[in-house]
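One letter stands for each residue in the lines below.
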Amino acid sequence: MTVNDPFARLPEAAAFSVTSTSVADGAAWPLEQWSSGVPGGKDLSPQLSWSGAPEGTRSYAVTVYDPDAPTGSGFWHWAVADIPATVAELSEGAGDATGSGLPESAFQLPNDARVPHYLGAAPPAGHGPHRYFVVVHALAVASIGVPSDATPAVLGFTMAGHILGRAVLTATAETPS
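Note that this is a predicted model, so its numbers are computed, not measured. (Residues numbered from 1 in each chain as written. Predicted model: local features only at pLDDT ≥ 70, side-chain atom pairs only at ≥ 80, totals over all residues. Heavy atoms only, no water.)

## Some remarks on the overall build of the chain
For step 1, the next point in the chain: Within the chain one finds 1 helix and 9 strands.
For step 2, the next point in the chain: Its helices and strands in sequence order give the chain the pattern β-β-β-β-β-β-β-β-α-β, from N to C terminus.
For step 3, the next point in the chain: For 177 residues, the compact-globule estimate of 2.2 N^0.38 gives 16 Å, and the C-alpha radius of gyration of the chain, at 15 Å, lies within 12% of that figure.
For step 4, the next point in the chain: With the C-alpha coordinates aligned to their principal axes, the bounding extent of the chain is approximately 45 × 35 × 30 Å.
For step 5, the next point in the chain: The buried share of the chain, taken over its 177 residues, is 49%.
For step 6, the next point in the chain: Partitioning the contacts of the chain with sequence separation of at least 6, the portion at a separation of at least 24 is 75%. (Helix = DSSP H or I, 4+ residues; strand = E, 2+ residues; numbered from the N terminus. Rg over C-alpha atoms; globule rule 2.2 N^0.38 Å. Buried < 20%, exposed > 50% of the residue type's maximum accessible area, 1.4 Å probe, protein only. Contact = heavy atoms within 4.5 Å.)

## Considering the sheet that holds strand E6 (residues 89-90)
For step 1, the next point in the chain: Pairing is antiparallel across the open sheet formed by 3 strands, whose spatial order is E2-E3-E6. Each edge of the open sheet is held by one strand with a lone partner, namely strand E2 (17-19) and E6.
For step 2, the next point in the chain: Where E2 and strand E3 (residues 48-51) come together, 3 bridges link them in antiparallel fashion. Among the inter-strand pairings, Ser17 is bridged to a residue of E3, identified as Ser51. (Pairing = 2+ DSSP bridges.)

## Description of the pattern of salt bridges
For step 1, the next point in the chain: Counted under the stated rule, the structure contains 1 salt bridge.
For step 2, the next point in the chain: With its nearest N and O atoms 2.9 Å apart, the salt bridge here joins Arg131 to Asp68. Of this pair, Arg131 sits in strand E8 (residues 130-139) while Asp68 sits in the loop between strand E4 (59-66) and strand E5 (75-84), and the two are 63 residues apart along the sequence. Here Arg131 and Asp68 have matching classes, each one buried. (Salt bridge = Lys/Arg side-chain N within 4 Å of Asp/Glu carboxyl O.)

## What about the packing of aromatic side chains?
The way to describe two aromatic rings as a pair is by their centre distance and the angle between their planes.
For step 1, the next point in the chain: This structure, assessed with the given rule, holds 7 aromatic pairs.
For step 2, the next point in the chain: Clustering of aromatic rings is evident, with ring pairs tying together Trp29, Trp78, Tyr118 and Tyr132. (Phe/Tyr/Trp six-rings, centres within 6.5 Å; stacked < 30°, edge-to-face > 60°.)

## Observations concerning the pairing of E3
For step 1, the next point in the chain: Side-chain alternation along E3 places Leu48 and Trp50 on a buried face and Ser49 and Ser51 on a face that remains uncovered.
For step 2, the next point in the chain: In this sheet, E6 lies alongside E3 in antiparallel orientation, the contact comprising 2 bridges. By the bridge assignment, Leu48 is partnered in E6 with Leu90.

## Topic: the pairing of E8
Within a regular strand, the side chains alternate between the two sheet faces.
For step 1, the next point in the chain: With 10 of 10 residues buried, E8 lies mostly within the body of the structure.
For step 2, the next point in the chain: Sheet topology places E4 next to E8; 7 bridges connect them, and they run antiparallel. In the strand pairing of E8, Val64 is matched with Val134.
For step 3, the next point in the chain: Here E8 pairs with strand E9 (residues 163-173) via 10 bridges, running antiparallel. Considered in E9, the bridge of Arg131 is made with Thr172.

## Describing the nonpolar core
For step 1, the next point in the chain: One finds Trp29, Trp50, Val62, Trp78, Ile83, Leu90 and Val136 to be the most contacted residues of the largest nonpolar core, which totals 28 residues.
For step 2, the next point in the chain: Those elements that place two or more of their residues in this core are E3, E4, E5, E8 and E9.
For step 3, the next point in the chain: Setting aside its immediate chain neighbours within four residues, Trp50 contacts Phe16, Ser17, Val18, Tyr60, Ile83, Val87, Ala88, Glu89, Leu90 and Val136. (Core = buried A, V, L, I, M, F, W, Y, C linked by side-chain atoms within 4.5 Å.)

## Digging into the sheet that holds E4
For step 1, the next point in the chain: The strand order across the open sheet formed by 6 strands is E1-E9-E8-E4-E5-E7, and the pairing between neighbours is mixed. Edge positions in the sheet fall to strand E1 (14-15) and strand E7 (107-108), since each of these pairs with one other strand and no more.
For step 2, the next point in the chain: Along the sheet, helix H1 (residues 152-159) contacts E4, E5, E8 and E9; its crossing angle with E5, the most-contacted strand, is approximately 50 degrees. (Axes fitted to C-alpha atoms, helices over the stretch in contact; angles between N-to-C directions.)

The following block contains the structure:
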């Protein structure tokens, strides 16, 4: 695992709270949140609940990012944009291939595997522990204005000037040698 901080060069943002019934902050992902390419993995997006977002929040985005992936640029596992400010929870599995568990206006962007749904953990065997930053971004705009086929990196770049707050939960995963 590296010390790479994915927020080090981003604008400061107010902190608020995110919790999950699927995984505790700092704990290992349960098998359900691992990739279906791993025996027992189900690509099941985690349940998330958040509270305390800054005043003026008009929408949210949710991202799941592994900065420890051996790519030079990390790996985006999930990105959801345009979650209405009235929503404060996503159920487990909301990030399936249909997105049927997402609020009506929200949409999933293709992850780094270019599939528009949650893709679970699958760190390379023997690569050591990986961190998965599960982030709820509170935004000052009702719609972030990125196309549905944009990358999570484009979403992040576009959000940078609109972020009011950031709630972070970190999960881990490791595949033994």
